[in-house]
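Structural features, examined
For reference, the chains in residue letters:
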Amino acid sequence: MTGGAAARALTVVATGPLVLVQDRGRPGYADVGVSPSGAADRGAFELGARLVGNTDADAAFEVLLGGLAVRAETELTVAVTGAPCPVEVAGRPVGFAAPVHCGAGQVLRLGMAPQGLRSYLTVAGGLDSVRVLGSASTDTLSGLGPAPVEAGDRFVVAPSRQTGAGAVDLAPVAAPASGLVDLEITVGPRADWLDASSSLTGRSWVVGADSDRVGIRLDGPPLAWADHVRGTELASEGIVRGAVQLPPSGRPIIFLADHPTTGGYPVVAVVASACLDRLAQLRPGQSVRLGSGV
Amino acid sequence: MPVTILPYGDRALLLELVAAGVGVDVRAGASAQVSAAIRAAGPRVTAGLVDIVPAERTVLVTTRPGTDLVALRADLLALLSAGEAGPGVDTVAGEARLVTIPVRYDGPDLDDVARHTGLTVAEVTAAHEASHWEVAFCGFVPGFAYLVGGDPRLEVPRRSTPRTVVPAGAVALAGRYSGIYPRPSPGGWQLIGSTSAVLFDPHRESPALLRPGDRVRFVASPT
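Since we're looking at a predicted model, the values are computed, not measured.

Here we come to the side chain of Gln245 of chain A. All names here are of chain A. Structurally, the position occupied by Gln245 is in strand β17 (residues 243-245). Residue Gln245 is classed as buried on the basis of its relative accessible area of 4%. Of the polar contacts made by the side chain of Gln245, one reaches the backbone oxygen of Tyr265; its length is 3.5 Å.

The following block contains the structure:
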């Protein structure tokens, strides 16, 4: 672009079910009760950043199930990653997980994602959004960060750092699985709170409809607490992304990016960090199986 | 400070504080001291850490990808067993900040608290004001600090029916804790007063007014 006087910007034309601004989140504040937040599928978010020359500090759109449309007010380079969805610019299909050029005045539209849950629209330069504690992420639990994105919102885009040379053209990535998903778990600090006859593994669970960025609720025959802890209370203790908590209801909860910093129910297992991004792409109704050494 | 270290996935460890003997509870506020000791340790311990989260009787440490948890576990055990005999933990505790909170003792649950405790309302507020509180840990919402070290006569149950909205600045009691609601939120604690202090402001250099390990005094302000 020449001149450089006009601010690079885009305007949101439509959102699907939910569009949030996300970046790497707010690690380091858990001791004062602030959740890490940040992109739910970190790998997909970081891939989008790499494709357009951003860093993980640059904010992008996290799009639930597709449906986002934005009008580029100026020329922009973007990439869509995460849950695969049809992408078009000015009505013409363009590449997924690839840098895409969007001319001034053109509308970029994400169709509905047939599988997976969250897609990322990353704009070269990053979205200029209000930062709270160093991050533009919306924390749906505490309400820190910007409100959900709405049609009519205008975002200024910072100048791109992309040099042009050495950029990735297309990233071959595996799409999130649509059927049964296997998740590797490791032992949690309160594994002994789970009744020995009541196994978390070796069976499938259904992702509950009440799942969100805070956590995934698993439906299935409930698990029981061990006899020696029944009727007792656990003192609240720290929570991590991927912690599998077992409330007295017996329905496990797997925590995601907006998890509370502490919780009072036992964490019986923890999803392996290599599988955390898979969690963020699970759809309500989808089946998952937890296992060690999957 | 003796601790047991429990596994917590491939990027975290959970330190559980061990009571000094049978029938003895972990000292309130001990987890904040352990956190402070870890934070003050050398880079060998802290280089890979992301968050250090004290809770009632545990401290969670989370790490950056690639951190050697086996080595970290050994380093933490060495650090905390050294702190037991040597300077470490206690020295850090001696540097705690003192935060003074102005409070109007005008809470709607003062009469209930008086009934639960067998004290008069004046005795409740006097005991709350005279207590040497300390932030044991934070949680629930950003900036909410669980204060311990209060007059043991102030121990009261939560309300049987939680309120759907507790106003920001409400000063409350539950169990052995006192706390201040940083912003309007649902809550089941007994409300005894209110403060104009801003407990959490993300745009301040130190967003949370109260941090683990801080000492806190309440000072009655005229209504």
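This is not the end of the story, as more comes after the structure.
A separate point is the sheet that holds strand β3 (residues 49-54) of chain B. All names here are of chain B. Taken in spatial order, the four strands line up as β1-β2-β4-β3 in an open sheet, and their pairing is antiparallel. Either end of the sheet is taken by a strand with one partner, and the two such strands are β1 (3-7) and β3. Direction aside, the axes of adjacent strands within the sheet are offset by 20° on average. The pairing of strand β2 (residues 12-17) with strand β4 (residues 58-63) spans five bridges and is classified as antiparallel. Across the sheet, residue Leu13 finds its bridge partner in β4, namely Val61. Across the sheet, helix α1 (residues 30-39) lies against β2, β3 and β4, angled at about 160° from β3, the strand it touches most.

Here we take up helix α5 (residues 110-117) of chain B. Residues and elements named next belong to chain B. Within the span of α5, buried status applies to Leu110, Val113, Ala114 and Thr117. Seen end-on, α5 carries its buried residues on one side only, within an arc spanning 100°. Opposite the buried face of α5, by more than 90 degrees, sit the exposed residues Asp111 and Arg115. Of the residues one or two after α5, Gly118 is the one with positive phi, at around 75°.

The next subject is the pairing of β4 of chain B. Residue and element names in this part refer to chain B. In terms of burial, β4 is a largely internal element, six of the six residues being buried. Along β4, one buried face is formed by Thr58, Leu60 and Thr62 and the opposite face, lined by Val59, Val61 and Thr63, is buried too. Of the strand pairs in this sheet, β3 and β4 are connected by five bridges, and their pairing is antiparallel. Directly across from Val53, in β4, lies its bridge partner Leu60. Joining the antiparallel neighbours β3 and β4 is a turn of three residues.

As a further point, take helix α1 (residues 42-52) of chain A. All names here are of chain A. With eight of 11 residues buried, α1 lies mostly within the body of the structure. Restricting attention to buried positions, one finds in α1 the residues Arg42, Ala44, Phe45, Leu47, Gly48, Ala49, Leu51 and Val52. Against β2 (18-22), β3 (60-64), β5 (76-82), β10 (118-123) and α2 (276-280) lie the buried residues of α1. Looking one or two places after α1, you find Gly53, whose phi comes out positive at around 85°.

The next point concerns the interface of chain B and chain A. Interface size is commonly expressed as the accessible area that is lost once the parts come together. The partner chain A presents 32 residues to the 35 residues of chain B that form the contact. For the pair chain B and chain A, the summed buried area comes to about 2,500 Å², and 63% of that belongs to carbon and sulfur atoms. For the pair chain B and chain A, the number of links is two salt bridges. Glu16 of chain B is the partner of Arg190 of chain A in a salt bridge, and the nearest nitrogen-oxygen pair spans 2.9 Å. The interface formed by chain B and chain A holds nine residue pairs in polar contact (both at pLDDT 80 or more) in total. Counting only elements with at least two residues in the side of chain B that touches chain A, the list comes to β1, β2, β3 and β4 of chain B.

Calculation rules
Residues numbered from 1 in each chain as written. Chains lettered and ligands numbered in written order. Predicted model: local features only at pLDDT ≥ 70, side-chain atom pairs only at ≥ 80, totals over all residues. Heavy atoms only, no water. Helix = DSSP H or I, 4+ residues; strand = E, 2+ residues; numbered from the N terminus. Buried < 20%, exposed > 50% of the residue type's maximum accessible area, 1.4 Å probe, protein only. Polar contact = N/O pair within 3.5 Å; in protein donor to acceptor, adjacent residues only side chain to side chain. Pairing = 2+ DSSP bridges. Axes fitted to C-alpha atoms, helices over the stretch in contact; angles between N-to-C directions. Contact = heavy atoms within 4.5 Å. Arc of directions from axis to C-beta. Buried area = accessible area lost by both parts, 1.4 Å probe. Salt bridge = Lys/Arg side-chain N within 4 Å of Asp/Glu carboxyl O.

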